[in-house]
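As a plain string of letters, each chain reads:
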Amino acid sequence: LQQFSVNYYPPSNNLSILSGFDRAQNISHVTINSEQFQPEIRYTLDGTTPTALSPLYQNGISLKQTGIVKAVIFKDKLPIGKVQELEIDHHIAIGKKVTYNNRYSSNYPAQKELTLVNGQSGDLTYGDGQWQGFLGDLDVTIDLENQQELQQLKMRFMQLTGPGVYMPAHVKIALSNDGINFKPAQQVDNDVPYTD
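Okay, so let's go over this structure. Remember, predicted model here, so these are calculated numbers, not experimental data.

### Looking at the sheet that holds strand β5 (residues 67-75)
What links the strands of a sheet is backbone hydrogen bonding, and the strands pair in either a parallel or an antiparallel sense. The strand order across the open sheet formed by three strands is β3-β5-β6, and the pairing between neighbours is antiparallel. In this open sheet, the two edge strands, each paired with only one partner strand, are β3 (40-44) and β6 (78-88). On average, each strand axis in the sheet is inclined to that of its neighbour by 20°, with strand direction left out of account. Note: β5 against β6, eight bridges, orientation antiparallel. Its bridge partner being in β6, Ile73 is matched across the sheet by Ile80.

Here it is as structure tokens:
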């Protein structure tokens, strides 16, 4: 309709940035979509705000390392709409085997076994396909395949009391060298009231 100058409800200037992880190649493939007809999308991978001189998005982006993809539509060398961003985190557990000792909910499978180690964070809505839900305890084992020193462990949880989504009371972390005998490492208690 834009191409033929037909008057209609204008499309959004917002962008959708999505990624999928290729376990075999250890690469995240990023796609950027728009409602606009043939938009000029400029992007950066280092977390800086795109400019008119930033790379032009064409057919996807492949990342083998951690990065923050930021993108915005340009028209006449000026940005239109908000800068959208997606963090891609290539950590030492990315793509590794996850054993679910308690299964995730069939209503919220997200990316199934790849969800917790795909290098992506869930957005502010559980409809983005990145949030995995559990009706009971979340109990998983992540196999790093060899002994490694951990610098940090990051997990994100969502709480939306309306639809009955709650954060866990606590998170227990245990480490193992053989996958059988586990030694408790740390427990983090939730300090967010279940009413918030």
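Moving on from the coordinates now.
### Things to note about the nonpolar core
Within the largest apolar cluster, 14 residues are counted, with the highest numbers of intra-cluster contacts made by Ile17, Val30, Ile32, Ile41, Ile61, Val69 and Ala71. Secondary-structure elements contributing two or more residues to this core are β1 (15-22), β2 (27-34), β3, β4 (61-63), β5 and β6. No other element matches β5, which puts three residues into this core. Look past the residues within four positions of Ile61 in its chain and what remains in contact with it is Ser28, His29, Val30, Ile32, Tyr43, Leu45 and Val69. One finds Val98, Tyr100, Tyr104 and Leu114 within the second-largest nonpolar core, a separate group that totals nine residues.

### A few points about the packing of aromatic side chains
Working definition: an aromatic ring pair is given by the centre-to-centre distance plus the angle between the planes. Taken as a whole and judged by the stated rule, the model has three aromatic pairs. Between Tyr43 and Tyr57, the ring centres sit 6.5 Å apart and the planes meet at 80°, which makes this aromatic pair edge-to-face. On the criterion of sequence distance, the pair formed by Tyr43 in strand β3 and Tyr57 in the loop between β3 and β4 is long-range, its members being 14 residues apart. We note that Tyr43, like Tyr57, is buried. Seen from their ring centres, Tyr100 and Tyr104 are 5.1 Å apart, and the 80° between their planes marks the pair as edge-to-face.

### Concerning unusual backbone geometry
Backbone geometry places Asp76, a non-glycine residue, at a positive phi of 55°. By secondary structure assignment, the location of Asp76 is in the loop between β5 and β6. Of note, Lys77 is a non-glycine position whose phi angle comes to about 70°, a positive value. Position of Lys77 relative to the elements: it lies in the loop between β5 and β6.

Calculation notes
- Residues numbered from 1 in each chain as written.
- Predicted model: local features only at pLDDT ≥ 70, side-chain atom pairs only at ≥ 80, totals over all residues.
- Heavy atoms only, no water.
- Pairing = 2+ DSSP bridges.
- Helix = DSSP H or I, 4+ residues; strand = E, 2+ residues; numbered from the N terminus.
- Axes fitted to C-alpha atoms, helices over the stretch in contact; angles between N-to-C directions.
- Core = buried A, V, L, I, M, F, W, Y, C linked by side-chain atoms within 4.5 Å.
- Buried < 20%, exposed > 50% of the residue type's maximum accessible area, 1.4 Å probe, protein only.
- Contact = heavy atoms within 4.5 Å.
- Phe/Tyr/Trp six-rings, centres within 6.5 Å; stacked < 30°, edge-to-face > 60°.

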